[in-house]
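Coordinates in review
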Amino acid sequence: MTSTDENVRYTPKGKRVTYTPQSAGQSAQNVIRVLEGRWKLMILFQLFVSKLLRFSELERAIPGISQKMLIQQLRQLEADGVVTRIAHPEVPPRVEYLLTEWGQSLCPVLDNLLTWAESTPDDLRARLIDPDAMSDQ
């Protein structure tokens, strides 16, 4: 597997919070909600690799996504502070998207998630990381 972590090396520095099992579970759920959505992870991985993409480039890079859904998912990612939208005041309009620093810090996290998935038992592994299994959904 190719590591996505090579593309982004930002690790945020901040205050470490002390969690209880309840607060840890709730906080993890809140953070996972940022990534919920059929297309958000596809968008993020495109931006991890390309750094800066025009709307039309993102649309072409993600087969099966409608313009409406791409706009909706990008707006949610922008509202959550993961993606930055740059609108250039020109004709025709040009809109570009890139990851915020916080969004870039997701790269090693998602890379670790993929590594974790690779260590699953064979019967579950095929379902979790087999690219062909994704097309069945």
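Each value, and the rule that gives it
Residues numbered from 1 in each chain as written. Predicted model: local features only at pLDDT ≥ 70, side-chain atom pairs only at ≥ 80, totals over all residues. Heavy atoms only, no water. Pairing = 2+ DSSP bridges. Helix = DSSP H or I, 4+ residues; strand = E, 2+ residues; numbered from the N terminus. Axes fitted to C-alpha atoms, helices over the stretch in contact; angles between N-to-C directions. Contact = heavy atoms within 4.5 Å. Core = buried A, V, L, I, M, F, W, Y, C linked by side-chain atoms within 4.5 Å. Buried < 20%, exposed > 50% of the residue type's maximum accessible area, 1.4 Å probe, protein only. Parallel < 35°, antiparallel > 145°, perpendicular 65-115°, else oblique. pLDDT = per-residue confidence, 0-100. Expected span 1.5 Å × (residues − 1). Arc of directions from axis to C-beta.

A closer look at the sheet that holds strand β3 (residues 94–99)
With respect to topology, three strands assemble into an open sheet ordered β1-β3-β2, the strand pairing being antiparallel. Two strands bound the open sheet, and with one partner strand each, they are β1 (52–54) and β2 (83–88). Within the sheet, the average angular offset between the axes of one strand and its neighbour, ignoring direction, is 25°. As defined by bridge partners, β2 adjoins β3 across six bridges and the pair is classed as antiparallel. Note that in β3 the partner of Val-83 across the bridge is Leu-99. Relative to the sheet, helix α2 (residues 40–50) contacts β1, β2 and β3, its axis offset from that of β3 by approximately 90°.

Comments concerning the nonpolar core
Ranked by size, the top nonpolar core spans 23 residues in total, and within it Ile-43, Leu-44, Leu-58, Leu-74, Val-82, Val-83 and Tyr-97 carry the most contacts. Listed by contribution, the elements that provide at least two residues to this core are α1 (21–35), α2, α3 (55–61), α4 (67–79), β3 and α6 (106–118). At four residues, the largest contribution of residues to this core is made by α2. When residues no more than four places from it in sequence are discounted, the contact partners of Val-82 are Val-34, Leu-44, Leu-77, Leu-98, Leu-99, Thr-100, Trp-102, Gly-103 and Leu-106.

Regarding the packing of α1 against α2
As a packed pair, α1 and α2 sit with axes 8 Å apart at the nearest point and diverge in direction by 75°. It follows from the interaxial angle that α1 and α2 lie roughly perpendicular. Where α1 abuts α2, its residues Arg-33, Val-34 and Leu-35 lie against Lys-40, Leu-41 and Leu-44.

Here we look at unusual backbone geometry
Here Val-91 and Pro-92 are connected by a cis peptide whose omega angle stands at -5°. Its location among the elements puts Pro-92 in the loop between β2 and β3. Its identity as a non-glycine residue notwithstanding, Lys-51 has a phi of 70°, on the positive side. Mapped onto the elements, Lys-51 comes out in the loop between α2 and β1.

Some points on the confidence of the model for the protein chain
Mean pLDDT over the protein chain stands at 86; residues scoring 70 or higher make up 84%. Within the protein chain, the element-level pLDDT minimum falls on helix α8 (residues 131–135), averaging 53, and the maximum on α4, averaging 97.

Some remarks on α4
The end-to-end C-alpha distance of α4 is 18 Å, a good match for the 18 Å that 13 residues give at a rise of 1.5 Å each. For α4, the full list of buried residues reads Leu-70, Gln-73, Leu-74 and Leu-77. Buried residues of α4, seen end-on, are gathered within an arc of 100° and therefore sit on one face of the element. Exposed side of α4, more than 90 degrees from the buried face: Lys-68, Arg-75 and Ala-79 are the residues found there. The secondary structure elements touched by the buried residues of α4 are α1, α2, α3, β2 and β3. A positive backbone phi angle near 80° is found at Gly-81, which sits one or two residues after α4.

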